Amino acid sequence: MGKFLLLAFRNIFRNRRRTLMTLMMVGGGVTGLLLAGGYFAFMTHGLREDTINSGLGHLQIFTADHFNRDEVRVLDTGIANWRDVAATVKSADHVRGVAPRIDFYGMVSNGTKAAGFMGSAVDPDAEKSLGFIAHGLTGREPEGKPAGEVEAMIGAGLAKSMNVKLGDGLTILAMTSDGALNGVDVQIVGIINSGIAELDARTLRITLPAAQRLLQSDRVTNLVVGLDSTANTDAVYDELIPRLKNLPQQMTLKKWIDLATYYKQVSTLFNGIFLFMGIIVFFMVLMSSVNTLLMAMMERTREIGTMLAMGTPRIWVVALFMLEATLLGAMGAVLGVAAGNLFGILLNSSGLHMPPPPGYTVAVPFKVLHVPALMIGSSILVVFSLALASILPAIRASRLQIAEALAHV
Amino acid sequence: MNPADKGEVEDLVRVESVSRRFPLDHSYVSALSRTSLRVAAGEFLAIAGPSGSGKSTLLNLIGCIDKPTEGRILLEGVDTSTLSPSRLTALRRIKIGFVFQTFNLIPVFTAAENVEFPLLVQGVSSSERKARVATALESVGLSARASHRPDLLSGGERQRVAVARAIVHRPALVLADEPTANLDTRNATQLIDLMRDLNRSLGLTFIFSTHDQRLLEHADRIVRLTDGQVVSDTLTNAASSKGDSHGQVLAACV
């Protein structure tokens, strides 16, 4: 076996120029996949952590009726005894904290103009303890005021639409849980530019007590659970499910991935693009290698005839050609992985930025992650492609008529 | 004596009324026509004839790397026409050694590795391979060149490596197709002496095609072909008195 492997290895270098070209093609394919895949991984990983840390959390608890609720009277299906629920959840392993939230809708007015908003009410201390950060914030996040003053943070688009700036006042109107219209004056303490224009045109945030006064309810819409690591999401989910069953209200527990619609869309898009690229690389390597390997087979016709004349089993000839192609693929993969990582390091230190994606207003840094699974997957792809490409030349070589092969010039 | 009539000796090779025709467009070319031949073990037999007379075709048929259109060939009494491709492969692997006009060494292997290859194919153990390769290379006087690749060897040396490769697995029959055609006189003479010595010392049966008069002078028996037919089959006086320069070394091969 050792000699056979040696023969295959040495055969690879018989035509060095051709081997170099093949290695460059295979290595280039792997490098391209690693850079593209590494960039996609950077984007999805960054988006995932951004999504979680910007307020989604790792898990969210709702009442079981929440997803069938009336869009106007939002707290009818809210969590009534949310402090007890939060205490139950906090005692689980890996839980860093629990933040109550109210999602509500209403109108905002500056006296001359009104617009709809999507409001969220938060407990500022709980949010801070979980490290939830509002990216692109000018000013500060709203805080609770003892005198009944209400602070608000609004989206940049909404601020522009209402023609307000930091320190200005607005009136917000929303439907209470009894169905009455209630209003409260707020002072703008923060303007947020999240990068998503549609969101910034509707966003409004106030504190939880202010929202409960506005909506005339002690309930909250949901509880956001922050963990020590995203990797523990499934484990904590499994631990919390039985705990939530013993509560007076029937609860529903959702993982972040179930709520991150945008993340899933982006991830699916990237996966689709990467799969398409993988298919292109696979067939590029396959088609060009078939031709190269057929040429190599033709050049060695007499040698193959000699081996067959000496009683070499035909399956050995097949195995030899496939082994050569596989070795060539493996060498190309190693070269590609090395080049991909090197280019990745260079790109990461270059400070390059990509233009803002659709719906975004900020440029995205061009960085690639070094993902071992990508390196292994890309390598297997090209090795498999070359092994597949060698089947036709290998079978043709093994089926040579010995006498004709020996007479081949 | 007509060599074909020596009934008391068991035939190593028996060619019985063999024809070989090759298709050409809508017709065919006849390379051999109803040729018969019997070769005993230990013979040093030359197949002579002009180009196109069917020498190589006959060797290919005896070597089981081609199939006759008609007739049959027996090797040690076994009718090769009845054997499956895999059994023919096994037969070649064990019973036959080949020497080619153009040497046909594997260029990426060293001389020793080329000689080792038939043993590798036979599944001989590593230690035994090593010993037998050393002996075979010593028998052809190339121990010092064992680690050289073919492109660093002269034509004569390459052909001697090819001979070592042909005998290393101790075949019953060595077939050599124009073995001296690509060699100068000095190398050709050395090769002829070598093959002759191997024939005598090991009792190896050699069948070679040639139109090289130097080689014919050393043959025990010369079969002449013309237009695919045996026109003469004669014994010569060459069998008796040639030197035995490799004898001692070759004894170790047996």
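Details of the structure are given in the entry above.
Here's a quick rundown of the structure. These figures come from a predicted structure and were not determined experimentally.

All names here are of chain A. Within helix α14 (residues 391-398) the residues assigned to the buried category are P393, A394, A397 and S398. Angular distribution of buried residues about the axis of α14 spans 130°; they occupy a single face of the element. Here the buried face of α14 lies against α10 (261-299), α11 (301-309) and α12 (314-350).

With that settled, consider the sheet that holds strand β7 (residues 173-177) of chain B. Hydrogen bonds between backbone groups are what pair the strands of a sheet, and the pairing can be parallel or antiparallel. Residues and elements named next belong to chain B. The strand order across the open sheet formed by six strands is β6-β7-β8-β3-β9-β10, and the pairing between neighbours is mixed. With partners counted over all chains shown, the strands left at the sheet margins are β6 (96-99) and β10 (229-235), one partner each. Geometrically, the sheet is characterised by an average inter-axis angle of 15° between neighbouring strands, direction not taken into account. Pairing analysis gives six bridges linking strand β9 (residues 221-226) to β10, with the strands arranged antiparallel. Residue pairing across strands places V223 opposite D233, the latter belonging to β10.

On to the nonpolar core, then. One finds A164 and I207 of chain B to be the most contacted residues of the largest nonpolar core, which totals 117 residues. It is helix α2 (residues 16-56) of chain A that provides the largest number of residues to this core, a total of 11 residues. Apart from the residues within four sequence positions on either side, I207 of chain B is in contact with V39, L45, I47, L59, I62, L173 and L175 of chain B. Core analysis: the second largest hydrophobic core is formed by 54 residues, I52, V108, I188 and V236 of chain A among them.

This next bit is on the sheet that holds strand β4 (residues 70-75) of chain B. All names here are of chain B. An order of β2-β1-β4-β5 is seen for the four strands of this open sheet, with the pairing classed as antiparallel. Strands at the two margins of the open sheet, each flanked by one partner only, are β2 (27-40) and β5 (78-79). Both strand β1 (residues 11-24) and β4 contribute to a ladder of five bridges, which runs antiparallel. Within β4, the position partnered with R14 by the bridge is L74. Relative to β1, helix α1 (residues 55-62) is tilted by about 120°, and along the sheet it contacts β1, β2 and β4.

Conventions adopted
Residues numbered from 1 in each chain as written. Chains lettered and ligands numbered in written order. Predicted model: local features only at pLDDT ≥ 70, side-chain atom pairs only at ≥ 80, totals over all residues. Buried ≥ 20, exposed ≤ 12 C-beta atoms within 10 Å, placed from the backbone. Helix = DSSP H or I, 4+ residues; strand = E, 2+ residues; numbered from the N terminus. Arc of directions from axis to C-beta. Contact = placed C-beta atoms within 7 Å. Pairing = 2+ DSSP bridges. Axes fitted to C-alpha atoms, helices over the stretch in contact; angles between N-to-C directions. Core = buried A, V, L, I, M, F, W, Y, C linked by C-beta atoms within 7 Å.

This is a description of form; function is not addressed.
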